[in-house]
Amino acid sequence: MPDKNLFIALLFAGLCFLTYGNSLHNDFLMDDYPMLIKNQQIGDPSFLQLNIDTHQPQKYFRPLCHILNLITYSLFGENPAGYHIFNLGLFYLACLLLYALLAMSLKRKETALLTSMFFCAHPINGVLVNYKNAPSYALLVVAAILALIHFVRASRGQDTSLNRGLGLVWMLVALLCHELVIAFPLYLASLLWFLENKRVKDIAKELALPVAVMAAYLFFRTTYFSLNTNVISQALRGDFHFFSFLATYAKLIGWYAAKLISPEGIVLIWHTPVVQNSLAAWGLNLSLAMSLAGVVWLWIKYPGPNPALFAISWILTGFLPVVLACLSRLEFGIIIEPHWLIFSSIGYFLLLAIVFSRLKDRINKRIWYSAIAALLLFYVSSSRHYNYLWGNQIRYCRYWLTVSPDHYWPNFWLGYAYLEDKNYKEAQRYFKRIVETGKGDYETLGNLGLSEYHLGNFAAALGYFKRSLALNPHSADTCYYMGNIYLKSQMLKEAEDAFTRAIKLDPSLVDSRRKLAVIAEIQDQIKK
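Caption draft 1: Just the overall build of the chain, in detail. The secondary structure content of the chain amounts to 24 helices and 2 strands. A compact globule built from 528 residues would reach a C-alpha radius of gyration of about 24 Å, and the chain, at 26 Å, matches this within 12%. Reported as C-alpha extents along the three principal axes, the dimensions of the chain are approximately 100 × 50 × 45 Å. Classification of the 528 residues of the chain by burial places 55% in the buried group. A fraction of 71% describes how many contacts in the chain between residues 6 or more apart in sequence connect residues 24 or more apart. When the accessible surface of the chain is split by element, carbon and sulfur atoms take 63% of a total near 24000 Å². Once the 46 positive and 34 negative side-chain charges of the chain are each reduced to a mean point, those two points are 9 Å apart.

Caption draft 2: View of the packing of aromatic side chains. Summed over the entire model, instances satisfying the criterion amount to 41 aromatic pairs. Ring geometry for Trp255 and Trp270: centres 5.1 Å apart, planes at 5 degrees, overall stacked. In this pair, Trp255 is assigned in helix α12 (residues 242-261) and Trp270 in strand β1 (residues 270-272), connecting sequence segments 15 residues apart. You can call Trp255 buried: its relative accessible area is 9%. Given a relative accessible area of 11%, Trp270 falls into the buried group. Among the aromatic residues, those joined into a ring-pair cluster are Tyr33, Tyr408, Trp409, Phe412, Trp413, Tyr416 and Phe431.

Caption draft 3: Focus on the pattern of salt bridges. A complete count under the given rule lists 13 salt bridges for this structure. Two residues, Arg164 and Glu206, come together in a salt bridge whose shortest N-O distance is 2.7 Å. With a gap of 42 residues between them, Arg164 in helix α8 (residues 160-175) and Glu206 in helix α10 (residues 200-224) connect regions that are remote in the sequence. By relative accessible area, Arg164 is classed as partly exposed at 23%.

Caption draft 4: Fine view of the nonpolar core. Core analysis: the largest hydrophobic core is formed by 176 residues, its most contacted members being Met30, Phe91, Phe118 and Tyr396. The element contributing the most residues to this core is helix α7 (residues 135-155), with 15 residues. Residues in contact with Phe91, not counting those within four places in the same chain, are Cys16, Tyr20, Phe119, Cys120, Asn125, Leu128, Val129 and Ala138.

Caption draft 5: Quick peek at the packing of helix α21 (residues 458-471) against helix α22 (residues 476-488). Contact pair α21 / α22: the axes reach a minimum separation of 10 Å and the direction vectors enclose 145 degrees. Judged by the twist between their axes, the crossing of α21 over α22 is left-handed. Facing α21, whose interface residues are Phe458, Ala461, Leu462, Phe465, Lys466, Ser468 and Leu469, α22 presents Thr478, Cys479, Tyr481, Met482, Ile485, Tyr486 and Lys488. Classifying every residue of the contact of α21 with α22 gives 10 nonpolar, 2 polar and 2 charged.

Caption draft 6: A look at the confidence of the model for the chain. Counting all residues, the mean pLDDT for the chain is 86, and 93% of those residues have values of 70 or more. Taken together, the stretch residues 54-58 has pLDDT below 50 and engages in 14 contacts with residues farther than four places along the chain or on a different chain.

Caption draft 7: The arrangement of the side chain of His339 in detail. Relative to the helices and strands, His339 is located in the loop between β2 (334-336) and α15 (345-359). You can call His339 buried: its relative accessible area is 8%. In contact with His339, not counting residues within four places along its chain, are Val127, Tyr137 and Leu268.

Caption draft 8: Geometry of the environment of Val181. In this fold, Val181 is placed in the loop between α8 and α9 (184-194). Counting along the chain gives 140 residues from Val181 to Pro321, while the straight-line C-alpha distance between them is 8.7 Å. If near-sequence neighbours (up to four positions away) are discounted, Val181 is found in contact with Leu140, Met171, Ala174, Leu175 and Met214.

Caption draft 9: Representation of the side chain of Thr111. The topology assignment puts Thr111 in helix α5 (residues 109-121). Overall, Thr111 belongs to the buried group, its relative accessible area being 6%. Excluding residues that lie within four positions of it along the chain, Thr111 makes contacts with Leu106, Leu350, Ala353, Ile354 and Ser357.

Caption draft 10: Spotlight on a nonpolar patch on the surface. A cluster of nonpolar side chains, Val355, Leu359, Ile363 and Ile367, forms an exposed patch at the surface whose accessible area comes to about 310 Å². For Ile363, a relative accessible area of 32% translates into the label partly exposed.

Caption draft 11: Region of interest: the state of the cysteines. In the structure shown here, the tally under the stated rule is 0 disulfides. A disulfide-free cysteine, Cys95 has its sulfur positioned 4.0 Å from the sulfur of Cys120, the nearest such atom. Looking at Cys95, the relative accessible area reads 0%, which means it is buried. Sulfur of Cys177: no disulfide; nearest cysteine sulfur belongs to Cys65 and is 7.5 Å away.

Caption draft 12: Quick peek at α5. Between its first and last C-alpha, α5 extends 19 Å over 13 residues, near the 18 Å set by a 1.5 Å rise per residue. Most of α5 sits out of view: 12 of its 13 residues are buried.

Caption draft 13: Local environment of unusual backbone geometry. Although it is not a glycine, Met30 adopts a positive phi angle of roughly 55 degrees. With respect to the helices, strands and loops of the structure, Met30 is situated in the loop between α1 (2-20) and α2 (32-37). One non-glycine residue with positive phi stands out, namely Lys422, at about 65 degrees. With respect to the helices and strands, the residue Lys422 is situated in the loop between α18 (408-420) and α19 (424-436).

Thresholds, definitions, all that
Residues numbered from 1 in each chain as written. Predicted model: local features only at pLDDT ≥ 70, side-chain atom pairs only at ≥ 80, totals over all residues. Heavy atoms only, no water. Helix = DSSP H or I, 4+ residues; strand = E, 2+ residues; numbered from the N terminus. Rg over C-alpha atoms; globule rule 2.2 N^0.38 Å. Buried < 20%, exposed > 50% of the residue type's maximum accessible area, 1.4 Å probe, protein only. Contact = heavy atoms within 4.5 Å. Areas by Shrake-Rupley, 256 points an atom, 1.4 Å probe, with all protein chains shown as cover. Lys, Arg positive; Asp, Glu negative; His and termini not counted. Charge placed at Lys NZ, Arg CZ, Asp CG, Glu CD. Phe/Tyr/Trp six-rings, centres within 6.5 Å; stacked < 30°, edge-to-face > 60°. Salt bridge = Lys/Arg side-chain N within 4 Å of Asp/Glu carboxyl O. Core = buried A, V, L, I, M, F, W, Y, C linked by side-chain atoms within 4.5 Å. Axes fitted to C-alpha atoms, helices over the stretch in contact; angles between N-to-C directions. Left-handed = near helix turned anticlockwise from the far one by under 90°. Nonpolar A, V, L, I, M, F, W, Y, C, P; charged D, E, K, R; others polar. pLDDT = per-residue confidence, 0-100. Patch = residues over 30% accessible without salt bridge, like charges linked within 9 Å, V, L, I, M, F, W, Y side chains within 5 Å. Disulfide = S-S within 2.5 Å. Expected span 1.5 Å × (residues − 1).

Quick look at the structure:
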């Protein structure tokens, strides 16, 4: 047994390195800047989301995500390789634990091994390693699997109280990484029913504590932390009919399922407008209804323990929270983020592993091993290609735009990258694309103002700065640049007001104080 465990550990270490070895020196990109590199609050207690009152307007409550970012930033600073190695270490642990969980309950250990290998190599999970500000996704998988392992042990009568307590602790760790863990009781229920063959009464006993905790969490989020105001209320205010929404939801799920089967066109976020065409809506809803009817039929026909039905149940469980999550950013459309479904994707990889396991006794062994090796090689090479795309913000965002050309984020981050590179003409181009779609938020308008400012178009820059400041009156930088424009235009009173306001908003703006001194000198000369 020790030799076998060592072999499994070395196998996954090799597979992880083979899959993600070319990502270790990828640069920072996109959210890495506001969350890590340029986050002035990263050492402040407010960054950790522990003060509820100061975070009321936020959609999210993920304190462990912020704590991990603080730890990694303290350890690695502006060295991107450190973040990748840290994330890869957590991902490696997740793969090992996934194998341990499935090996506990599946009769064929090779099925558990294949599932974990597919999970490791498939590019849809690349965000766990490549996104430096998101180690919490890998921790979520680790914590959720550990929670399931402990609850399964409790259900078998092994140190029941201890294992339930440990299961609850790890479940809370996962929940504080991401709110989509709210579906955890359903994952546990399907495991106990389809793999452990537990009675309904025994399942209810194991679910009592997790369900109670989730209910308390939902009360907390809706009462104290904006889930009600920022997500549920947005869904209720959505300017679409439920029938159209359901069709759009089916379209999102279809897009994600297609990326699992053929990993082409995977992006960080994909969006789609609400399906308005009645024929398309009917077709999508009919496909969704037929798929669900087929699953129900399978559940009825095969009521006993069944790994395949367990896999299907896990896939469907992951789709449930997406009903609300896809409405969380309605200003950008109805969206899906593949990492929302990282945990439920295990169901797909298990289904694939079951197919291979059943083929083993029916086909030549060389063909069987060759087919597995070919599939893994395909996944690894696809992942390495995505690692290459993740290596550079401009490269990744240009790729992202080929998949989702009208989406806000690739346009914004591409404009931001060009702004940082002092390529103001290109930055202007992408920020203007956002404004032209009617999604001109204060950051986009402010960055567009900066682009125009550096291009010498001061009148246009001032217009964008004013629009940005109207949306966000607390931007000291915007006031500073407006002050510069007024000063260049000899509008001394307006410049003085702008620099004074900038200093009030951010006392660390030393150049604003220097500019006020310059204005005072000019005013003295005018008086003389």
